[in-house]
Structure formats: C-alpha cells, structure tokens
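Each chain is listed here by its residues.
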Amino acid sequence: MYTQGLDQQGDSLKSVDEATRLAAFQKRIDAEDKIEPRDWMPEAYRKTLIRQISQHAHSEIVGMLPEGNWITRAPSLRRKAILLAKVQDEAGHGLYLYSACETLGISRDELIDQLLTGKAKYSSIFNYPTLTWADIGAIGWLVDGAAIMNQIPLCRCSYGPYARAMVRVCKEESFHQRQGFEIMLALSRGNDEQKRMAQDALNRWWWPSLMMFGPSDKDSKHSAQSMAWKIKRFTNDELRQKFVDVTVPQAHFLGLEIPDADCQWNDDTGHWDFGEIDWTEFKEVLAGNGPCNRERLQARQDAHDNGAWVREAARAYAEKQARRNAA
Amino acid sequence: MNDPQRFEYVVRLGDNALVLGQRLGEWIGNGPELEEEMAMGNFALDYIGQARLFLSYAAELEGAGRDEDQLAFLRDQIDFRNVLLLEQPNGDFGQTIARQFFFESYYVLFLEALTASSDKRLAEVAARGLKESAYHLRHATQWMVRLGDGTEESHQRIQQSVDELWRFTGEMFSGDEIDRWAVDNGVGPDPATLRPAWDTRVNEVLQTATLTRPDNDWMHTGGKQGRHTEHLGYLLTEMQFLQRAYPGAAW
Ligand SMILES: [Fe+2]
Ligand SMILES: [Fe+2]
C-alpha cells in the first residue's frame, strides 16, 4: 500500500440506534469476520476505505510513470521485458483496486476525476524523479519493498474485497522487490560508474522510502480508529522500523552506504537506529511541491485528454451497434 | 559465418519484433484508457519476447560471439533490417492502431506460413507468435471499426492515419534475394503470395469501418536492406543509450 498512513477521521455517531448497529459491527470485526459489500457498515468505515483504496489505486497508476520512463531505455532486452511486465502488473493492481473500491458504491470515473482534480492523493514517493537506470533498481528494492511491508497486513484487512485484492497484489510486489534488488546487485558488482549510480540512487530514494510509512505515530491522530476497524494492523512507526531492519543489511550486502549518519545497530533495542526524517520535506511534497508533482498529474491529465476522442468513439460505436441490434 | 542468408533472414524478423516492441512500449503512461495501456504493454512484451528469440538465434548463426543485446543495442541503423512501417512514430492512438492493423494483418499470414518452415527454430517461434498475433489482430480490427464508425472526429482521424501509413504497406510484400533464398530452402514464404489474402482482409475491414482504401500505390521500400526513414535513428538513440554510454558494462 502506498497510503502514507493518512488515516481519516470517522463521522460522529448520531443516534442510539446507530450505536447499537455499530456495536454489532465492531463485534464482527473483533471476531475477524470479513465485511462484504452488501453488509451494513458505518459511513465513516466506508469513507475511510474509499479514501484508502482509491489512494492506493491511484498510486499504482501514477507509479507507472516514473518507471515507464525507462522502458524505452532499459539496458538489455531481458531488463526491458522484466520492466514492461512489472509496469503491467502495476496497471493490473490499479484495476483490481479500482474494482474493489467500486464495491463501496463509487465509480471508476468519479475516482479518476478525483485524481485529476487533485482531490484524491497518491503516494508522494512517485513525485520523485527517475534520473538514472539505478533508480529503477532502487524503486523495486525500496519502494516495492516498503509497499510489501504495508500491504502484507492488509491481506487480513476487515474489508473482504480489499483483503483479497491484496493477497494477489502482494505476491507480485515481492517479485518486483527481488527484481529491483537484482538490478542493484548487478550495478554494485559492476564498474565504478555503475556503483556510483547505485549509491546515488540509494541516496535519493532512502529518505522518501521511509516517508512512505506516513507521519510518526505521535503525529498520526487517526490511527486508532483504523486499528479498531482492522483496516490497519500496525502503526506507521512499527512498519517503518520493520522496513529499516530488513533493508539496512541488504544495503550492506550490496556494499552501499545508508545516507544517514545515525544509522547503526542498537544492541539494547535489537533494531537498527535511524535519524530523524525531514518532516518539512514530507509536508511540502504532500502539499504539491515535490520535484515531479506537477509533471505526474499533467501526464495523467494529458493521457486523459488525448484519449477523449477515442473513448467517445467507442461509446458512439457501442450506441450505434445497440441501435442496429434493436432494429 | 557459413549461413549468411539465414542470419540475414532471422535478423529481419528480430528487428521487426524489436522495433515494433520498442514503439508499443512508448504507450505506457499515455493510453486513452488503462485497459488500452495494458493492451499496448502486453503487445510490446510479446514483441520483445520474440525479438529475443530471433536475435539470440541470429547471434548463434553468426557465430561471432555476439549475443541478442549486442545485436539490439550496438548496431547502427544501416544494419537494422525492419520494414519501414514499424519504425513510424506512434502518432495518436488511431495511428498506432492503423499501423498495428496493417502489420498484424500481414504478420498472421506470414507466421502461419512460417510454422511450416524447414527451420525448426523459426517454426517454433512462429507457432508461439501466431497465437499472440491472432489476438493483436483482433484487437486492432475492433478498434479500426470503432474508430472508423465511431464519431465524425474519430472517422477523420483514423482515415488520415490510414492514408498516412498506406505508402509503407507495400514493403511487406516485396521480396528480394533473401526472400528467394528462403523460398528455395523451404524456410519461409514468398511475401508476394501473402498479398491477396491481406488485400481481402484489409478491404473487408476498411469497408466495415466505413473507411476508404487509399488509391495511391506508390510504395516506399528499403528497410529490409537497411535504408530507413529518419525516425529510426531517434528510436535507436533512446533505446541504445545505456549500452553506448557505458561500453562493456553488464546490467
Ligand atoms: Fe503494485
Ligand atoms: Fe510493484
């Protein structure tokens, strides 16, 4: 998931009646029952899910852009095929997630509209540029790696369609993570220019990857409700620590340096320590001031605009056919 | 090299697949709908897969220690052997569809013949490619009809693309000494023999799509012999960048 833990606050509960239904609903959640589209659910639960799932879907789609950059420039036919397949997987993830979201009573057109008008967010990580081939390695290794940390618990999410979509998505994300690591491995075993490219990519992607887990727990006010609803199972900081613990040894294996002077093993906690995230950067990118925010949205807008005549033609043709068949 | 004609023949097939795969890959992030972006990506993937099979076979035939990547990334355009149609820019969605339609209409016929090749390697790739191309052709045909018989704008646009690309269609059916070698050795068909079936199919679809078959029959050729349009150089510049910038690096 690329949702940055931006959990949303629920509507305030109005009547006693609703309180009873809510209690029954919570009981089902606590019993690890899956909530299905036709089941009653609190409006705030529905809204939270729509926001989270659509944000996730948009992230898959916008995420195709930075990687899509390098399809035409991949350095070997094998890498080109792997990258094409990966980007195809991401488009597929976007599609399952839009469908999962539609089960909550909103259409894909409305969701796309929310993306293009800037009403819906997508993961800020994709507002960073892919400048060298090593960035394709770094994205697979770090970004898909962080996504897996976030998504594995979502396979047990209380909302059935989302949980099932995640099972499928997670399998593919772990392929992506391995393929990204393999690119980094080839570079770090390569010549000096390739090693430099790999280190530079890690320098640029490390902190944004840590930011993917969202604000720190002390600033994340809405986690509690999502935890109670089992939309979320671990806090942002827990997941971030987990990611750091897995990733730091991988960086060392690659012979790369984590761009953080405070990054060291802590015997007392049994975890890797790391320095303070630059929350100003986090907020700025979220506010639209990242290096590629405008470019990403513009690219989606252009594709949408340039394709308008095609979609219209398909609609017009379908209508003509329907009339012909009726006649 | 003891089989230079075979090498040449296989490189032509490999370059067609590679150049078309590269062009289709440019659609990622630009499609009119997510489903269409995925379709283009899948076709690109099919073609890059075929390019690898053809070019690695060509490299074996050459026996000069080159591999698929050296053939793909380290030849300049005078050594590329794809037909001109495939290097033409994507243009709008309709232009890509018209290019797909013209080529796939030919390619299914060609691959069908190639499945009977005396060259078992080629026959195997053809059998696999035929399944893929049958689907690509269905997709392109559906869109030809939707765009042709859709709105006034789409009709105009797709007709313009048909007119624009028509002059590159004849090359697919023009044979030379390499094609003659292929016929003599049972390796592949005489391209001219594929023309009538192509004409029938294209006429049928254009008619259903309410489109007009262009009447100019002047055809550009030369791609198969390494004389290309200006577009190929830019395509190769982009595709070959890393291999050129970091000679000898492993990726
Ligand atoms: Fe994904
Ligand atoms: Fe992924």
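The model shown is predicted, which means the values in this text are computed figures rather than measured ones. (Residues numbered from 1 in each chain as written. Chains lettered and ligands numbered in written order. Predicted model: local features only at pLDDT ≥ 70, side-chain atom pairs only at ≥ 80, totals over all residues. Heavy atoms only, no water.)

Asker: Tell me about the overall build of chain B, and name the residues and values.
Answerer: Assigned secondary structure in chain B consists of ten helices and zero strands. Listing every helix and strand of chain B by position from the N terminus yields α-α-α-α-α-α-α-α-α-α. Taken along the three principal axes of its C-alpha coordinates, chain B extends 55 × 40 × 30 Å. Here chain B, with 251 residues, has 61% of them falling under the buried criterion. Here the analysis covers contacts within chain B between residues at least 6 apart in sequence; of these, 81% occur between residues at least 24 apart. Surface exposure of chain B reaches about 9800 Å², of which carbon and sulfur atoms provide 49%. Here chain B holds 23 positive side-chain charges and 40 negative ones, and the gap between their average locations is 4 Å. (Helix = DSSP H or I, 4+ residues; strand = E, 2+ residues; numbered from the N terminus. Buried < 20%, exposed > 50% of the residue type's maximum accessible area, 1.4 Å probe, protein only. Contact = heavy atoms within 4.5 Å. Areas by Shrake-Rupley, 256 points an atom, 1.4 Å probe, with all protein chains shown as cover. Lys, Arg positive; Asp, Glu negative; His and termini not counted. Charge placed at Lys NZ, Arg CZ, Asp CG, Glu CD.)

Asker: Explain the packing of helix H5 (residues 93–114) of chain B against helix H7 (residues 152–166) of chain B to me, and be specific about the residues and the numbers.
Answerer: Residue and element names in this part refer to chain B. Two elements in contact, H5 and H7, have axes whose closest approach is 9 Å; the angle formed by their N-to-C orientations is 50 degrees. What the angle tells us is that H5 and H7 run oblique. Along this stretch, H5 crosses H7, giving a crossing that reads as right-handed. Touching Gly94, Gln95, Ala98, Arg99 and Phe102 of H5 are Ile158, Ser161, Val162, Glu164, Leu165 and Trp166, all from H7. For the contact of H5 with H7, the class distribution of residues is six nonpolar, three polar and two charged. (Axes fitted to C-alpha atoms, helices over the stretch in contact; angles between N-to-C directions. Parallel < 35°, antiparallel > 145°, perpendicular 65-115°, else oblique. Left-handed = near helix turned anticlockwise from the far one by under 90°. Nonpolar A, V, L, I, M, F, W, Y, C, P; charged D, E, K, R; others polar.)

Asker: Go over the nonpolar core with me, naming the residues and quoting the values.
Answerer: Of all hydrophobic cores here, the largest spans 175 residues; its most connected members are Tyr45, Trp133, Tyr159 and Trp206 of chain A together with Tyr9 of chain B. Counting residues per element, this core draws most heavily on helix H2 (residues 34–62) of chain B, which supplies 15 residues. Contact partners of Trp206 of chain A, with chain neighbours within four places excluded, come to Leu142, Phe243, Val244, Thr247, Val248, Ile258, Pro259 and Asp260 of chain A. (Core = buried A, V, L, I, M, F, W, Y, C linked by side-chain atoms within 4.5 Å.)

Asker: I'd like a description of the coordination of the iron ion (ligand 2), backed by residues and values.
Answerer: Residue and element names in this part refer to chain A. Around the iron ion (ligand 2), the protein supplies Glu90 (OE), Asp144 (OD), Glu173 (OE) and His176 (ND1) as donor atoms, at distances of 1.8 to 2.2 Å. Around the iron ion (ligand 2), the four donor atoms are arranged such that angles at the metal cover 90 to 149 degrees; this shape is classified as irregular. A gap of 3.5 Å separates the iron ion (ligand 2) and the iron ion (ligand 1), which Glu90 links by coordinating each metal. Separated by 54 residues along the polypeptide, Glu90 in helix H4 (residues 77–102) and Asp144 in helix H6 (residues 134–151) bring together distant segments of the chain. Of the residues examined, Asp144 reaches a relative accessible area of 1% and is grouped as buried. (Donors = N, O, S within 2.8 Å, 3.2 Å for Na, K, Ca; no water. Tetrahedral: all angles 85-135°; square planar, octahedral: opposite > 155°, others 65-115°.)

Asker: Let's hear about the coordination of the iron ion (ligand 1): which residues, and what values?
Answerer: Every protein donor of the iron ion (ligand 1) is listed here as Glu60 of chain A (OE), Glu60 of chain A (OE), Glu90 of chain A (OE), His93 of chain A (ND1) and Glu173 of chain A (OE), and their distances to the metal cover 2.0 to 2.8 Å. Counting along the primary sequence, the residues that act as donors to the iron ion (ligand 1) give the motif E-x29-E-x2-H-x79-E.

Asker: An account of helix H10 (residues 231–245) of chain B is needed here, citing residue identities and associated values.
Answerer: For an α-helix, the turn length of 3.6 residues means that residues three or four places apart are oriented alike. Relative to the 21 Å expected for 15 residues at 1.5 Å per residue, H10 of chain B spans 21 Å between its end C-alpha atoms, a close match to the ideal helical length. At Met239 of chain B, H10 of chain B shows its maximal kink, close to 50 degrees. The complete set of buried residues in H10 of chain B reads Leu232, Gly233, Leu235, Leu236, Met239, Gln240, Leu242 and Gln243 of chain B. Looking at the packing, one finds that the buried side of H10 of chain B touches H4 of chain A together with helix H1 (4–25), helix H3 (68–73) and helix H4 (84–87) of chain B. (Expected span 1.5 Å × (residues − 1). Bend = angle between axes of the 7 residues up to and from the residue.)

Asker: Quick one: what's the story with the pattern of salt bridges, residue by residue and with numbers?
Answerer: Residue and element names in this part refer to chain B. Tallied over the full model, the rule gives 35 salt bridges over all chains. The residue Glu26 makes a salt bridge to Arg23 at a minimum N-O spacing of 2.9 Å. We classify Arg23 as buried; its relative accessible area is 6%. Put simply, Lys224 and Asp179 hold a salt bridge, and the shortest N to O gap is 3.0 Å. Of this pair, Lys224 sits in the loop between helix H9 (195–208) and H10 while Asp179 is found in helix H8 (residues 177–184), placing the two residues 45 residues apart along the sequence. Exposure class is identical for Lys224 and Asp179. Each is buried. (Salt bridge = Lys/Arg side-chain N within 4 Å of Asp/Glu carboxyl O.)

Asker: I'd like to hear about the layout of surface pockets, residue by residue, with values.
Answerer: Counted as a void, the largest pocket has a volume near 510 Å³. Along the wall of the largest pocket there are 20 residues; nearest its centre are Asp109, His304 and Arg311 of chain A together with Pro32 and Glu33 of chain B. If you list the elements that add at least two residues to the lining of the largest pocket, you get helix H5 (108–116), helix H12 (293–306) and helix H13 (308–326) of chain A. A breakdown of the residues in the lining of the largest pocket according to their chemical character gives ten nonpolar, two polar and eight charged. (1 Å grid on protein atoms, 1.4 Å probe; cavity = no way out; pocket = protein on both sides within 12 Å on 5 of 7 lines; lining within 4 Å. Points joined across faces, edges and corners; volume = space filled by probe spheres on them.)

Asker: Can you lay out the environment of Thr72 of chain A for me, pointing to particular residues and giving the numbers?
Answerer: Here Thr72 of chain A is to be found in the loop between helix H3 (64–68) and H4. Between the alpha carbons of Thr72 of chain A and Gln250 of chain A there is a distance of 29 Å; along the sequence they are 178 residues apart. With near-sequence residues (within four places) excluded, Thr72 of chain A lies in contact with Lys80 of chain A together with Gln22, Glu26, Glu238 and Met239 of chain B. Of the polar contacts made by the side chain of Thr72 of chain A, one reaches the side chain of Glu238 of chain B; its length is 2.5 Å. (Polar contact = N/O pair within 3.5 Å; in protein donor to acceptor, adjacent residues only side chain to side chain.)

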